[in-house]
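Examination of the molecular architecture
Below, each chain spelled out in residue letters.
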Amino acid sequence: MLSFGSGILPFCLPSALAALYVQSGYRIINKFASQYGKKTTFQGTVAVISVWMILFISFTTQPQVKAFKLLAQPAQTDSARTAVLTQSQVIRTGLLNAYLSSYRYISPIEENNHIQTMYRSVFGLPESLCLFLQVSYNQLMSPFLYNGSRSDIEKAEKLYAEFFDTPIQKAERKAVQRALQSTAIVDEAKAGVLNINQKKVWLRSQQVSVTEHGDWADVELYEVYENQTNDVEEILYYFSLPESATITGLWLGDTDKRSQSFPFKVSPRGAAQKVYNSQVRRSRPVDPALLEQVGPRLYRLRAFPVPPKLSFREQRNSTERPTQMHLWLTYNVMRQAQGWALPRLAEKRNIFWTKDTQRLGNGDAIATSEDEWLPPFLRATDQQQPKVHQVNFPEGYQLTAKPLAQEDYALPQGKRFAVVVDSSRSMSAQVKALIKTFNWLNQQGFADNTFANNDADLYVTAAAGKQPQRIDNIQTFNPAKITFYGTIQYREMLQQFLQLQGDTPYDGILLVTDEGSYELSEDSKDGLDMPAPLWMVHLGALPPAYDDGTLKAIQDSGGVCLQNSQRSCSDWQQRQH
C-alpha cells in the first residue's frame, strides 16, 4: 500500500495542487462576499480575471512572429518597401526579442518537453496523453517560453543587418549589454562592437609634441592608460589623418621611457594581424600594438594588454607590478591654414577620458570638449609659406611636391563621369546633402547631355529584391524620391555598376555614399578591376575603415576618399596633372 501511494503521489500531485488552489480561492471569495456583498464580489472577480487574461494574452503574443513574417520575402517595389518601412518599430522589437531570446526566456517551446518525457518514462502513459499534458503545460507557461527555435538568434541578427543597415549589436548595444550583465558571461579582452564607448580603460594623460620644419612637422602623440577593471583589456581607436600625413613610428611600454619600450616593426597587413591576434589569445602576451591603414586617410590602432588594476590582495601585500600602459605614435604632416592637423577620432572602444585627464600640447594645456579625443589642429608658430620639395631616388628618379594655390583648382573639361548612388537605408539621413549634391551637378553642366563641358551618367544601386538602375539623363532623376532600403556594401555597389556599365568609358567613378557599416562588409582581399579612378564621396562622416577589397580598388585605380562632394571633380583634375 505504501509503494502504491508513493508511486501515485507524483502523478496526482499537479491535479491535487490545482484543486487545493481552486478550493482556497472559493473560500476566500465566499468570505469576501459575506462582508461586501455578492455584487461587489462578482464585479471584483470579473475585473481580476479580465486583467489577468489581458496580461496573459499580451505576454503570450511575442513580437518576433510578426517581424519574421514581414521580412519573409524581399520587398521588390518601392510601394512594398515603403509599407515595410512603416513597420520598422514592430520589426525592431521583434528581431531584438528573437536575438535576446536565450536571455529573456527559459527555453524555446519546441525544446520544452520534460513533462511529456517524465510522464512517459516514469508512469508509462500513452504517448497521446503525455503529449496533451505537455501542450497544456506549454500553453500555461507560454509567457516564459520562446515561440521559435535557437536558430532564430542567428536569423534575427542577419535580418536586422539587412533591414536596418547596421549590426544589431551596434544599434542595440545598451539592450544587449543589459542582457549580458544579467548572466555570468565574461566579456573577452579583445575590443568588439559591444565595447564601443565602454568605460574600461581611463586615459590618464595625453601629450602632443610638434617639431616644426617650415611647412611640415614631426608630431608625437604620447598617451598613458590605466585599466579600471580586474581583467586585461584592449583599447581600439579608428581615426583619420590628412592625405599629407605619413606614420613614422609606434611604441608600447609599461614605463614612461620610450627607449625601454617595444619598438615597432613594419609588416604586411595580414602577417601583422596574425601576430597581434595570436598575442591577444595568449595567457601571458608580449605587449603588442597594431596600427593598420584601413583607408586612404583612415587608420585603426589597437593596443593590448592594458594591465588590470591592483586587486585588494595585491594592495594588502604591497605587490609591485606595472599598472599603466604607455603608447607613443609619431607622424609627419604638412601644415594647413588652421595649423598642424591632429588625428580625428571616428570610433573608440574601451577607452574613455574625464575632466581629470591631463592634456598638453607643446607643454601647454589643451582645451577640448568632453567628447573630443584631440582638438582638430594645434596652432603653428612658424608661418613660413609652403615651398617646393624634391626627393631624389636611386637610378635618377626624382619626386617633386609643389603646393597648390587657389587658382590651381578648376573643374575638368570634356570628361565623362559615372555617379554611383548608394540607396541603402542609412542614406536616408543624408537626403538633404544628396539633393544638394545633385543640384550642384546640374548647375555645373554634368546633366546637360553635352560633352563640351562634362557629362555624367547615374547608377542607382539596389538592395536584394530590386534591380539597380542606370539613368543616362540625370535631369530626370529626383533624389528626394529614392526609397532608401536594406543594406548594400561598397563591393556590391561597385559590382552593380560594372554589370550595368557595358562599353561606356569613363574618366572617373564617383560613389556617393555615407559612413556605411564597415562591420557588415565581407573582408575579401580580392579587389575589383575599376576602369577609372574610384572616388569615395562620403556625405556626413568618413567610415571608420574600408574592407580590404574596396581599399585595394581605390588604391589600384588611383582614387581617394572625400567628404566634400563639390571638391571631388576639381581634386581629380589636379591629380591628373
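Preceding this section is the structure that the text describes.
Remember, it's a predicted structure, so these values are computed and weren't measured experimentally.

With respect to the packing of helix H7 (residues 114–123) against helix H8 (residues 127–140)
In the contact formed by H7 and H8, the axes pass within 8 Å of each other and the chain directions differ by 150°. When the axis of H7 is compared with that of H8, the two are roughly antiparallel. Considering the relative orientation of H7 and H8, their crossing is right-handed. Contact residues: His-114, Ile-115, Gln-116, Tyr-119 and Arg-120 in H7; Glu-127, Cys-130, Leu-131, Leu-133, Gln-134 and Tyr-137 in H8. Taken together, the residues that form the contact of H7 with H8 break down as six nonpolar, three polar and two charged.

A word on empty space enclosed by the protein
Gaps between atoms show up when a probe of the same size as a water molecule is rolled over them. Under the definition given, this model contains two cavities of 30 Å³ or more. Here the largest cavity is characterised by a volume of approximately 110 Å³. Taken together, 20 residues make up the lining of the largest cavity; nearest its centre are Gln-489, Tyr-490, Gly-516, Ser-517 and Tyr-518. In the lining of the largest cavity, the residues fall into seven nonpolar, eight polar and five charged.

What to know about the nonpolar core
In this structure, Val-208, Tyr-225, Ile-235, Tyr-237, Phe-239, Leu-327 and Ile-351 are the most contacted members of the largest nonpolar core, which totals 33 residues. When contributions to this core are tallied by element, the ones reaching two or more residues are strand S3 (201–213), strand S4 (216–227), strand S5 (233–240), strand S6 (246–253), strand S8 (298–306) and strand S9 (324–334). Sort the elements by how many residues they give to this core and S9 lands first, with five residues. In contact with Tyr-237, not counting residues within four places along its chain, are Glu-223, Tyr-225, Tyr-299, Arg-300, Leu-301, Leu-345, Glu-347, Lys-348, Ile-351, Trp-353 and Trp-373.

What to know about the packing of aromatic side chains
To describe a pair of aromatic rings, one takes the distance between the centres and the angle between the planes. Scanning the model with the defined rule gives 16 aromatic pairs in all. Relative to Tyr-546, the ring of Tyr-490 has its centre 5.8 Å away and its plane inclined at 55°; by these criteria the two rings are tilted. With a gap of 56 residues between them, Tyr-490 in helix H15 (residues 490–501) and Tyr-546 in the loop between strand S22 (534–538) and helix H16 (548–557) connect regions that are remote in the sequence. Owing to a relative accessible area of 9%, Tyr-490 belongs among the buried residues under this scheme. Taken together, Tyr-160, Phe-163, Phe-164 and Tyr-485 form an aromatic cluster joined through their ring pairs. Taking the ring centre of Phe-68 as reference, the NZ or CZ of Lys-155 above it sits at 4.3 Å. Cation over ring: Arg-258 sits above Trp-251, and NZ or CZ is 3.9 Å from the ring centre.

Reading the values: the criteria
Residues numbered from 1 in each chain as written. Predicted model: local features only at pLDDT ≥ 70, side-chain atom pairs only at ≥ 80, totals over all residues. Heavy atoms only, no water. Axes fitted to C-alpha atoms, helices over the stretch in contact; angles between N-to-C directions. Helix = DSSP H or I, 4+ residues; strand = E, 2+ residues; numbered from the N terminus. Parallel < 35°, antiparallel > 145°, perpendicular 65-115°, else oblique. Left-handed = near helix turned anticlockwise from the far one by under 90°. Contact = heavy atoms within 4.5 Å. Nonpolar A, V, L, I, M, F, W, Y, C, P; charged D, E, K, R; others polar. 1 Å grid on protein atoms, 1.4 Å probe; cavity = no way out; pocket = protein on both sides within 12 Å on 5 of 7 lines; lining within 4 Å. Points joined across faces, edges and corners; volume = space filled by probe spheres on them. Core = buried A, V, L, I, M, F, W, Y, C linked by side-chain atoms within 4.5 Å. Buried < 20%, exposed > 50% of the residue type's maximum accessible area, 1.4 Å probe, protein only. Phe/Tyr/Trp six-rings, centres within 6.5 Å; stacked < 30°, edge-to-face > 60°. Lys NZ or Arg CZ within 6 Å of the ring centre and 35° of its normal.

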